[in-house]
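Chain residues, written in single-letter form:
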Amino acid sequence: MAKETFHKLNPVKKARITDAFLREFSLKKFDEASLSAVVKSLGIAKGSVYQYFGSKLDLFLYLFEECAKIKMKYILHIRREDFPDFWKYFRRLYNDGVQFDLEHPLASHFLHNLAKNMDSPSLKENMENLRNQTLAGLGAMIQHEVDIGDFRKDISVQMMAFFLYKMSRSIYDYLEEVEGINPSESIQTVSYTHLRAHETEADL
C-alpha cells in the first residue's frame, strides 16, 4: 500500500504519479509493466517510487483500491429490495457498471486488465483471493434468491455464481467488440486528476 510519504505529496504531484502508473498497468500485465519507463516519463528518480511504496505490488494494490473505490460509488447504492426480481436488480448493476466503464475508461481498463494477471506468478495469490471473494459475493446473492424462492433449489449455487461471474467478465468484451472501446486510445482522453475531480463533485 502507499506510504505516508506518498499521501503527504501535494495533490497535483500525487495525481500525476497515480495517472502515469495507472496507464502503464492498464495496458500491460503486472510482470511486464515497467516502473523504469514510467519514472522516466515523469522525470523522477526510480528510488522515489520506493519512498512512496514498499514494492511494485504495493503500488499495484494501491491503484486497485483507488479504482475500486470509484466503481463502488456507481453500484453500492443499488439495493436488491428496491427491485421486484433479481434480474431487474442485476440489469441495474449492469447498466451502472457500464456507465462507470464509459465515464472512467482509465480506471475501467485497469480493473478489467486484472483478468490478464491470473497466471502471473507475482500476483497469483492476490488474483485467486480476488476471484474467490467475487464468487463468494455472487454466491451469497444467489443463495438469497434461493431462500426466498425466486431461484430453483436443484441447481448448484456455485455453478450459478460461476455463470454470473463469467457473464460479468464478458460485458467488457462486448464493449470492446461492439462499442469499439480501445484501451490504448480511450485512456488518453481522461486522467486520474479528472477521475478524482468527478468523485469530488459526486460527494458535494
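Residues numbered from 1 in each chain as written. Predicted model: local features only at pLDDT ≥ 70, side-chain atom pairs only at ≥ 80, totals over all residues. Heavy atoms only, no water.

1. A closer look at the overall build of the protein
Convention followed: Elements are defined by DSSP. Helices are runs of H or I of four residues or more, strands are runs of E of two residues or more, and each kind is numbered from the N terminus. Classification of residues uses two cut-offs on accessible area relative to the type maximum, computed with a 1.4 Å probe and protein chains only: under 20% is buried, over 50% is exposed, and between them is partly exposed. Any two residues whose heavy atoms approach within 4.5 Å at even a single point are treated as in contact. Here the open area of atoms and residues is found with the Shrake-Rupley method and a 1.4 Å probe, where only the protein chains shown may cover a residue.
The number of helices and strands found in the protein is eleven helices and zero strands. Ordered by position in the sequence, the α and β elements of the protein form the string α-α-α-α-α-α-α-α-α-α-α. Of all 204 residues assigned to the protein, the portion counted as buried reaches 42%. In the protein, 69% of the contacts between residues at least 6 apart in sequence involve partners at least 24 apart. A total of about 11500 Å² of accessible surface is found on the protein, and carbon and sulfur atoms cover 54% of it.

2. Quick notes on the environment of Phe64
Topologically, Phe64 is positioned in helix H5 (residues 56-75). When the C-alpha positions of Phe64 and Leu111 are compared, they lie 7.0 Å apart, and in sequence the two are 47 residues distant. Sequence-distant contacts of Phe64, defined by excluding residues within four places in its chain, comprise Phe110, Leu111, Leu114 and Leu130.

3. Some remarks on the pattern of salt bridges
Here is the rule we go by: By definition here, a salt bridge exists when the distance from a side-chain nitrogen of Lys or Arg to a carboxyl oxygen of Asp or Glu is within 4 Å.
In the structure shown here, the tally under the stated rule is ten salt bridges. In this structure, Arg79 and Glu81 form a salt bridge, with 3.6 Å as the shortest nitrogen-oxygen distance. For Glu81, a relative accessible area of 58% gives the class exposed. For Asp85, the salt bridge identified is with Lys88, shortest N-O distance 3.2 Å. Salt bridges linked by common partners bring Arg79, Glu81 and Asp82 together as one network.

4. A look at the nonpolar core
Put simply, the rule reads: In plain words, nonpolar cores are sets of buried Ala, Val, Leu, Ile, Met, Phe, Trp, Tyr and Cys residues tied together by side-chain atoms within 4.5 Å.
Of all hydrophobic cores here, the largest spans 33 residues; its most connected members are Phe21, Phe25, Phe60 and Phe110. Counting only elements with at least two residues in this core, the list comes to helix H2 (11-27), helix H3 (35-42), helix H4 (46-52), H5 and helix H7 (105-112). Element by element, the count of residues in this core is highest for H5, at eight residues. Contacts of Phe21, omitting those with residues within four sequence positions, involve Leu35, Val38, Val39, Leu42, Val49, Leu59 and Leu63. If you look at the next biggest cluster of nonpolar residues, it comprises 16 residues, including Phe90, Leu135, Val157 and Tyr165.

5. Observations concerning the confidence of the model for the protein
The predicted coordinates of low-pLDDT regions are not to be read in fine detail. Here is the rule we go by: The predictor reports its confidence for every residue as pLDDT, a score running from 0 up to 100.
Averaged over every residue, the pLDDT of the protein is 85; residues scoring 70 or more account for 86%. Mean pLDDT across the secondary structure elements of the protein bottoms out at helix H11 (residues 192-203), with 44, and peaks at H5, with 94. Note that pLDDT drops below 50 for residues 197-204; the model gives that stretch six contacts with residues more than four away or on any other chain.

6. Some thoughts on the packing of H5 against H7
Two quantities define a packed helix pair, namely the angle between the axes and the distance from one axis to the other. Selection rule: The convention used is that axes are lines fitted to C-alpha atoms, helices contributing only their stretch in contact, and that angles between N-to-C directions extend from 0 to 180 degrees. Should an angle lie under 35 degrees it is considered roughly parallel, over 145 roughly antiparallel, and from 65 to 115 roughly perpendicular; all remaining angles are considered oblique. By definition, turning the near helix anticlockwise from the far helix through less than a right angle yields a left-handed crossing, and turning it clockwise yields a right-handed one. All residues other than Ala, Val, Leu, Ile, Met, Phe, Trp, Tyr, Cys, Pro, Asp, Glu, Lys and Arg, Gly among them, are scored as polar; the first ten of these are nonpolar and the last four charged.
H7 packs onto H5 with a crossing angle of 120° between their chain directions and a minimal axis gap of 9 Å. It follows from the interaxial angle that H5 and H7 lie oblique. Handedness of the H5/H7 crossing: left-handed. Where H5 approaches H7, its residues Phe60, Leu63, Phe64, Cys67, Ala68 and Lys71 are matched on the opposing element by Ala107, Phe110 and Leu111. Of the residues contributing to the contact of H5 with H7, the split by class is eight nonpolar, no polar and one charged.

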